[in-house]
Amino acid sequence: MTETGENRTRGGPWWWKRPRSAVLDVTLAAVSAAECALQGQGFADETGLPGVLATLLGVVVGATLVLRRRWPIAVVLVAIAVIPADMGTVLSVVGLYTLAAAEVPRRITGLLATMAALGILAMAAFRLDQSIGQEPDFNPPGWFVPLVALALAIGVTAPPVLLGLYVGARRRLVESLRERADGLERELSLLADRAEERAEWARNEERTRIAREMHDVVAHRVSLMVVHAAALQAVALKDPQKAAKNAALVGDMGRQALDELRTMLGVLRSGDPDRQGKDAVRAPSAVSPLPAALAPSPASPAGSASPAASSGGSPAAATAAPAAFAPAAAGRAAGEREDSRGDVPGDAPGRNNAAAVDGSAYGTADVRTGGGAHRGHQPAGSPDAPSLAQLEVLVGQSRAAGMAVELSVEGDPDGACPPTVEQTAYRVVQEALTNVHKHAAGAATRVRVAHREAEVALQVENEPAADGAADAGLPSGGNGLVGMRERVTALGGGFVSGPTDAGGFRVSAIIPYARS
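Bear in mind the structure is a predicted one, so any value in this text is a computation, not a measurement.

*Asks:* In this structure, what is going on with the overall build of the chain? I would like to understand it.
*Replies:* A count of helical and extended segments in the chain gives 14 helices and five strands. Considering only contacts in the chain between residues 6 or more positions apart, those separated by 24 or more positions represent 70%. For the chain, the computed accessible surface area is about 26800 Å², with 61% contributed by carbon and sulfur atoms.

*Asks:* Sorry, what's going on with the sheet that holds strand β2 (residues 445–451) here?
*Replies:* Taken together, the five strands give an open sheet; going across it, the order is β1-β2-β3-β5-β4, and neighbouring strands pair in mixed fashion. Whereas interior strands pair on both sides, the edge strands pair on one side only; in this sheet they are β1 (405–410) and β4 (494–499). Adjacent strand axes in the sheet meet at a mean angle of 5°, parallel and antiparallel pairs treated alike. Across six bridges, β4 lies against strand β5 (residues 505–512) in antiparallel orientation. Note on β5: the bridge partner recorded for S497 is V507. Helix-sheet contacts for helix α12 (residues 391–400) involve β1 and β2, and the interaxial angle to β1 is about 170°. Along the sheet face, helix α14 (residues 480–490) touches β4 and β5 and points at about 155° away from the line of β4.

*Asks:* When you look at the environment of V218 in this model, what are you seeing that I'm missing?
*Replies:* Assignment of secondary structure puts V218 in helix α7 (residues 144–235). Under the relative-accessibility criterion, V218 is labelled buried at 17%. Considered as a pair, V218 and L258 are 40 residues apart in the sequence and their alpha carbons are 8.2 Å apart. Leave out the neighbours within four places in its chain, and V218 touches E260 and L261.

*Asks:* Where do I start with the pattern of salt bridges in this structure?
*Replies:* Opposite charge on two side chains makes pairing possible when the charged atoms of those side chains draw close. A full pass over the atoms with the stated rule returns eleven salt bridges. One salt bridge connects R446 with E461, and the closest N-O pair in it is separated by 3.5 Å. With R446 in strand β2 and E461 in strand β3 (residues 455–462), this residue pair connects regions lying 15 residues apart in the sequence. The exposure class assigned to E461 is buried, which follows from its relative accessible area of 13%.

*Asks:* Please clarify how a nonpolar patch on the surface should be interpreted in this entry.
*Replies:* Taken together, I73, L77, L111 and M115 make up a surface patch of nonpolar side chains, about 330 Å² in accessible area. Listing elements by their share of the nonpolar patch, those giving two or more residues are α4 (72–81) and α6 (106–134). By the secondary structure assignment, L111 is in helix α6.

*Asks:* What should I look at first to understand the packing of α4 against helix α5 (residues 89–101) in this one?
*Replies:* Geometry of a packed helix pair, given as the angle between the helix axes and the separation of the axes. Relative orientation of the contacting elements α4 and α5 amounts to 150°, with a least axis distance of 9 Å. Judged by the angle between their axes, α4 and α5 are roughly antiparallel. Pair α4 / α5 crosses with left-handed handedness. Of the residues in α5, those touching α4 at P72, I73, V75, V76, V78 and A79 are L91, S92, G95, L96, T98 and L99. By residue class, the composition of the contact of α4 with α5 is nine nonpolar, three polar and no charged.

*Asks:* Mind showing me how you'd approach the side chain of N435 here?
*Replies:* Checked against the element boundaries, N435 lands in helix α13 (residues 419–439). N435 sits in the buried class, given a relative accessible area of 17%. Setting aside its immediate chain neighbours within four residues, N435 contacts A440, L481 and M484.

*Asks:* What's the story with a positive patch on the surface in this structure? I'm lost.
*Replies:* On the surface, K17, R18, R20, R171 and R178 cluster together to form a positively charged patch. Tracing the backbone through its elements, the reader meets R18 in the loop between α1 (5–8) and α2 (19–47).

*Asks:* It is not clear to me how the pairing of β5 should be interpreted in this structure. Could you clarify?
*Replies:* A regular strand places its side chains so that they alternate between the two faces of the sheet. Inspection of the sheet shows β3 paired to β5 by eight bridges, in the antiparallel sense. In the sheet register, Q459 faces β5, and the bridge partner there is S508.

*Asks:* Sorry, what's going on with unusual backbone geometry here?
*Replies:* Trans is the prevailing form of peptide bonds, just as negative phi is the prevailing case for residues other than glycine. In this structure, D86 is a non-glycine residue whose phi angle is positive, near 55°. Tracing the backbone shows D86 in the loop between α4 and α5.

*Asks:* Explanation requested: α12 in the structure shown.
*Replies:* In an α-helix, one turn spans 3.6 residues; hence positions three or four apart end up facing the same way. Along α12, eight of the ten residues are buried, which leaves the element largely enclosed by surrounding structure. Burial in α12 covers these residues: L391, V393, L394, V395, G396, Q397, S398 and A400. Of the residues trailing α12, G402 is marked for its positive phi of about 100°.

*Asks:* It is not clear to me how the environment of A85 should be interpreted in this structure. Could you clarify?
*Replies:* Tracing the backbone shows A85 in the loop between α4 and α5. As for A85 and Q39, which are separated by 46 residues in sequence, their C-alpha atoms are 8.1 Å apart. Not counting residues within four places of it along the chain, the set of residues in contact with A85 comprises Q39 and F43.

*Asks:* What am I meant to see in α13 here?
*Replies:* For α13, which comprises 21 residues, the first-to-last C-alpha distance of 30 Å matches the rise-based estimate of 30 Å (1.5 Å per residue) to within 8%. With 18 of 21 residues buried, α13 lies mostly within the body of the structure.

*Asks:* How should I be thinking about the nonpolar core in this particular structure?
*Replies:* Buried together is how nonpolar side chains tend to be arranged in soluble globular proteins. By size, the foremost hydrophobic cluster in this structure holds 30 residues, and its most contacted members are V429, L458 and I511. Elements represented by at least two residues in this core include exactly α12, α13, β2, β3, α14 and β5. A per-element tally of this core places α13 first, with eight residues. What L458 contacts, discounting residues up to four positions off in sequence, is A425, V428, V429, R448, V449, V507, S508, A509 and I511.

How each quantity is defined
In this numbering scheme, every chain counts its residues from 1 along its sequence in written order. Side-chain atom pairs in this predicted model are given and counted only at pLDDT of 80 or more, local residue features only at pLDDT of at least 70, and totals for whole chains, interfaces and linings cover all residues. To obtain the side-chain values, all non-hydrogen atoms of the structure were used and water was disregarded. Counting from the N terminus, the helices are DSSP H or I runs at least four residues long and the strands are E runs at least two residues long. Two residues qualify as a contact provided that any one of their heavy atoms is within 4.5 Å of a heavy atom in the partner residue. Here the open area of atoms and residues is found with the Shrake-Rupley method and a 1.4 Å probe, where only the protein chains shown may cover a residue. Criterion used throughout: strands pair if DSSP finds at least two bridges between them. Note on method: axes are straight lines fitted to C-alpha atoms, helices fitted across the in-contact stretch only, with angles between N-to-C directions ranging 0 to 180 degrees. Burial classes follow relative accessibility: with a 1.4 Å probe on protein chains only, a residue under 20% of its type's maximum area counts as buried, one over 50% as exposed, and anything between as partly exposed. When a carboxyl oxygen of Asp or Glu lies within 4 Å of a side-chain nitrogen of Lys or Arg, that pair is called a salt bridge. Patch rule: a residue counts if its relative accessible area is over 30% and it has no salt bridge; like charges are joined within 9 Å, and nonpolar side chains (Val, Leu, Ile, Met, Phe, Trp, Tyr) within 5 Å. Here roughly perpendicular refers to angles of 65 to 115 degrees, roughly parallel to angles under 35, roughly antiparallel to angles over 145, and oblique to all remaining angles. Should the near helix be turned anticlockwise from the far one by less than a right angle, the crossing is termed left-handed; should it be turned clockwise, right-handed. When residue character is reported, Ala, Val, Leu, Ile, Met, Phe, Trp, Tyr, Cys and Pro are called nonpolar, Asp, Glu, Lys and Arg charged, and the others, Gly included, polar. We score Asp and Glu as negative and Lys and Arg as positive, and we do not count His or the chain ends. A single reference atom marks each charge: NZ on Lys, CZ on Arg, CG on Asp, CD on Glu. Expected span of a helix: the number of residues minus one, times 1.5 Å. Working definition of a nonpolar core: buried Ala, Val, Leu, Ile, Met, Phe, Trp, Tyr and Cys residues. They are joined through side-chain atoms within 4.5 Å.

What follows is the structure, encoded as structure tokens:
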């Protein structure tokens, strides 16, 4: 770090910036006082003044050199004043140097230097003329006296003035360079602080984004698991077959939630979204076991009837129940093998979907299970990223949980809808359905999607909770609506949410294509 101007001005007494400057000035003043005291004796002899008075006058005049840094003009004026007394050579030379090097206007410096030169010129001419008159054998030409006097005047005044100008200019240049270095250092410090602030802001934004992603991809599945678990508890003793199918749904939802959470944690560990599949899944997972109600009992003989058969189905249907899950289990194993190679399976129809039902509530339909869907934190535009084409599957999962959901899609994007808009729209619908599960169990819900010329409009509206519907007991952190608003506004869209006149709740969003 360079030395600042404040630090450079410390350490000297009175007007001196450094102690060595004070020592130098005191030394020069002592030399000048001694010179003027000796020269004062000669002046006293010529004028008849007392020697003590002339010596004292010389000491005082020479000692004024100690003030050269504080009052350089006064020192030069004193030196000019004592020129007729033939004293103050050191005082004049050092005073002119200091005057030229100081922050004094150049016209003042030139004026005082000219006055000193004229005084020296006059005194030199006078002394030379006297000496020539005293030496009868020395008869120089007429130009000799003016020339020598001029050379003496220039020789005494010009060198200190020029040297002082050079030193002053160099000093100002060095000072400006120091100030510039100090300014650059302060600027670099400010830039470093701003860079640190930007880095901290980026870290906060990344943490917020990751928290929003984890909330979107995990909270929805966990909410459905809680709803299915409540239904399982209600029908466990009345209808074991329905309870078994609900248990299968809960298990599949749990596996998907774990897979998504594992994918998100892999992203956090590696910091590279493209490697999330490799870092999240190190080895192929074992094929998930079939639900106990659907798997053949080890104690029963070969070909014995399954629970499905005992409930009234044919033996062929009973044996087909485990076989129906064999392709799904193989699909799950294949999906996990793809995970071990770094591929991330998605929720596209026909690829390892969470649960697809025929519309009946609480697992009365045929269940198709597959590998966990790695939708968490998928890059926009990836084939596995959520899209509006997967809304039917998303709505089917809520229907399987007992919610009456009506889905209507108007228009056709024809591939014009950017992937980021589709992913954001999907997340808005997903979070809105999750909120319905949390706060309005059993409420009829309408999901409307409209593809317009350069935007997509969404509306998820639910009626009040059904009478007698049990509260799911799901906790709410208040982050769902905030996350939806952040997603939509980040793409330049509009987001509105609030209760309806009928006592329900409505979530509306318009997402343009341009900002994506």
